[in-house]
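Letter by letter, the chains look like this.
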Amino acid sequence: MLQRVIVGLVLISCACGENPAVKVILTDKGLQYGKHVGAGWIQERLELVTLPDISGRVLGSIYYTLSGVTITKCDFPEPSVEFYQNITGLKTSVSGLSVAVTGGWMTHFGLIHDGGSFNMALFKLDVTSEVALGKDATGRLSVTSVHCDARLGDVDIQFHGGASWLFNPFVDYFKGHIKSEIVAAICTTVEDHIVELEYHLQDMKVSFDVDENFSFDLPLTGIPIINASSMNLGLKGEFYNIRPHKDPPFEAQPFTVQKQPGYMLSVGLSEFTLNSASFALYSAGLLQIIITDSMIPPNLHVHLNTSCMGPYVPQLPKMFPGLLMDLQIYAREVPMFSFQSGVVKLAIEGAVKAFGIQPNGTRIPLFKLNADSELSGKVWISGGRLKGSVAQDNFTLALVSSEVGTFQTDALERLTKAGLMMGFVKLNAELGHGVVLPRMKNAELVNSVLWMEKGFLAIASDVQVLPAGFN
């Protein structure tokens, strides 16, 4: 049961040969927190556990069964959990456990059947379990029981009802057999829970639909890497267009997230993940928009028509007087993100096609411009909120073709820059306010810090399980 809690915390945290675009590091601090939460969770639920029946034979030919074995009291000491490099997994130990149980007993000797109830106390129970972590063929985390050892110091049994007066004096003669059956049942129960956990892991998604067109692929790219103080998971971290699934013309590059022992969890995100999203949107033809006059804010006192465009394209009001216009804006190439130390860069190679709209709705091509932009941004975490800012580093307009003759783009470029600056002021006000860090179903991130290095950004954080987190 404790392994289920630990692996669950890890997953809050995690195609062979691929470089992962997402890396998750669980430190020993996180593991010990998971152990502490898991121990409390188990302690609360032990009284709900029914142990397997215990059957055997004593005094030659008297067969017995202890059934309905439930825990009435348990002195559950804090377990020991550690990363275990020898098996690429976890080692869990509980020492000095004392348990009081109750249940029913039945015996039969030939045609004679009898039964009643019993109370039993288990003293100085030690259990050690070793669980290996791996990756299955679908990229899901797998768990396998490698070793289980249970040792029981002593057992005290009192039978009640039926012919219990006959058995109680002989308890010392057959409690050794009962002890061995209990020890075997404990490891069987532990291994059954690990198998059950494996079934749950097989049901977990490794691909998540963003909407009907896009999906996010997050399988493991390799087996977990475990050392004495941490566990590292590498995940694919790629957005893609579902129909059709087209691989981007670039690959995730290797990167290293430094372990932060003072935090429970670290997550690294490669620029590949954002660029795969950009490629998916570009391939689907979604990085384009048509701007009409009705979309221009009224407070700008500018209209998208040939008359208002006259100061920037002098030929327009002469050749096409009084026509409304629209602008088709689209990306010429895939916009690419680049993470640098402390800053993220975004290069956009765009284009603008201008059209005049005749009274009958016919669109007349007027001219085409290349619009190239370089942006820089910063992202940080403050007060439990993810915040950011964006700045325009460079913007250029260049005339590509024209149905109205050549014209200078300098004035139009200045107008566009001014409009963009107004947009960035509003955007930065929103980014400065930020958004609350995502909260998982059963836990939230606390004491989080974010930093950027070449090729990736990383977040180090502690995790706080919510009060009803494991209910």
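Structural data are supplied above this passage.
Keep in mind it's a predicted model, so treat the numbers as computed, not measured. (Residues numbered from 1 in each chain as written. Predicted model: local features only at pLDDT ≥ 70, side-chain atom pairs only at ≥ 80, totals over all residues. Heavy atoms only, no water.)

(A) Broad picture of the overall build of the protein. Helix and strand counts for the protein come out as seven helices and 23 strands. The C-alpha radius of gyration computed for the protein amounts to 34 Å, which surpasses the reference 23 Å derived for 471 residues by more than 25%, pointing to a less compact arrangement than a globule. Counting only C-alpha atoms and orienting by the principal axes, one finds that the protein spans roughly 115 × 45 × 40 Å. Each of the 471 residues in the protein was classed as buried or not, and the buried ones make up 43%. On the protein, roughly 24000 Å² of surface is accessible, and the fraction owed to carbon and sulfur atoms is 58%. For the protein, the distance from the average position of its 34 positive side-chain charges to the average position of its 44 negative side-chain charges is 6 Å. (Helix = DSSP H or I, 4+ residues; strand = E, 2+ residues; numbered from the N terminus. Rg over C-alpha atoms; globule rule 2.2 N^0.38 Å. Buried < 20%, exposed > 50% of the residue type's maximum accessible area, 1.4 Å probe, protein only. Areas by Shrake-Rupley, 256 points an atom, 1.4 Å probe, with all protein chains shown as cover. Lys, Arg positive; Asp, Glu negative; His and termini not counted. Charge placed at Lys NZ, Arg CZ, Asp CG, Glu CD.)

(B) Looking closely at a nonpolar patch on the surface. Residues Ile289, Met295 and Ile329 make up a contiguous nonpolar surface patch of roughly 240 Å² in combined accessible area. Among the secondary structure elements, Ile329 is positioned in strand S16 (residues 324-331). Classification of Ile329 as partly exposed rests on a relative accessible area of 33%. (Patch = residues over 30% accessible without salt bridge, like charges linked within 9 Å, V, L, I, M, F, W, Y side chains within 5 Å. Salt bridge = Lys/Arg side-chain N within 4 Å of Asp/Glu carboxyl O.)

(C) The sheet that holds strand S1 (residues 22-27), seen in detail. In space, the six strands of this open sheet follow the order S11-S12-S1-S14-S23-S22, with antiparallel pairing throughout. Here the strands that pair on one side only, and so sit at the sheet edges, are strand S11 (225-226) and strand S22 (443-453). Relative to strand S14 (residues 265-270), S1 is paired through five bridges, and the arrangement is antiparallel. Residue pairing for S14: Ile25 is matched across the bridge by Ser266. (Pairing = 2+ DSSP bridges.)

(D) Up close: helix H7 (residues 410-433). An ideal rise of 1.5 Å per residue puts 34 Å on 24 residues; H7 measures up with 35 Å between its terminal C-alpha atoms. Three or more residues of H7 are buried, namely Leu412, Glu413 and Phe424. In the stretch just after H7, Gly434 is the one whose phi turns positive, near 75°. (Expected span 1.5 Å × (residues − 1).)

(E) Broad picture of the sheet that holds strand S13 (residues 238-241). The antiparallel open sheet is built from three strands, whose spatial order is S9-S10-S13. The sheet is open, and its two edges are formed by strand S9 (207-209) and S13, each paired on a single side. Here the strands of the sheet are splayed against their neighbours by 25° on average, with no regard to which way each runs. Contacts from helix H5 (residues 271-283) reach strand S10 (214-217) and S13, with the element oriented near 5° to S13. (Axes fitted to C-alpha atoms, helices over the stretch in contact; angles between N-to-C directions. Contact = heavy atoms within 4.5 Å.)

(F) Up close: H5. End to end, H5 covers 18 Å across 13 residues, agreeing with the expected 18 Å (1.5 Å per residue, within 8%). Taken residue by residue, H5 has Phe272, Thr273, Asn275, Ser276, Ala277, Ser278, Phe279 and Ala280 as its buried positions. Packing partners of the buried residues in H5 comprise S1, S10, S13, S14 and strand S17 (336-340). Between the side-chain oxygen of the N-cap and the backbone nitrogen of Phe272 there are 3.0 Å, and the N-cap of H5 in question is Ser270. Gly285 sits one or two residues past H5 and shows a positive phi near 75°. (Polar contact = N/O pair within 3.5 Å; in protein donor to acceptor, adjacent residues only side chain to side chain.)

(G) Spotlight on the state of the cysteines. The full count for this structure, using the stated rule, is one disulfide. The partner cysteine of Cys148 in its disulfide is Cys187, sulfur to sulfur 2.3 Å. Across the disulfide from Cys148 to Cys187, rotation about the S-S bond amounts to roughly -85°, and the bridge is consequently left-handed. Of the two residues, Cys148 is situated in strand S8 (residues 141-160) and Cys187 in helix H4 (residues 171-203); the sequence distance between them amounts to 39 residues. The structure places no disulfide on Cys74, whose sulfur is separated from the nearest cysteine sulfur, that of Cys148, by 16 Å. Given the relative accessible area of 14%, Cys74 is considered buried. (Disulfide = S-S within 2.5 Å.)

(H) Fine view of the environment of Ile42. Position of Ile42 among the secondary structure elements: in helix H2 (residues 28-45). Sequence separation between Ile42 and Ser382 is 340 residues; the distance between their C-alpha atoms is 35 Å.

So, to be careful, I would describe these as geometric facts and stop short of saying anything about function.
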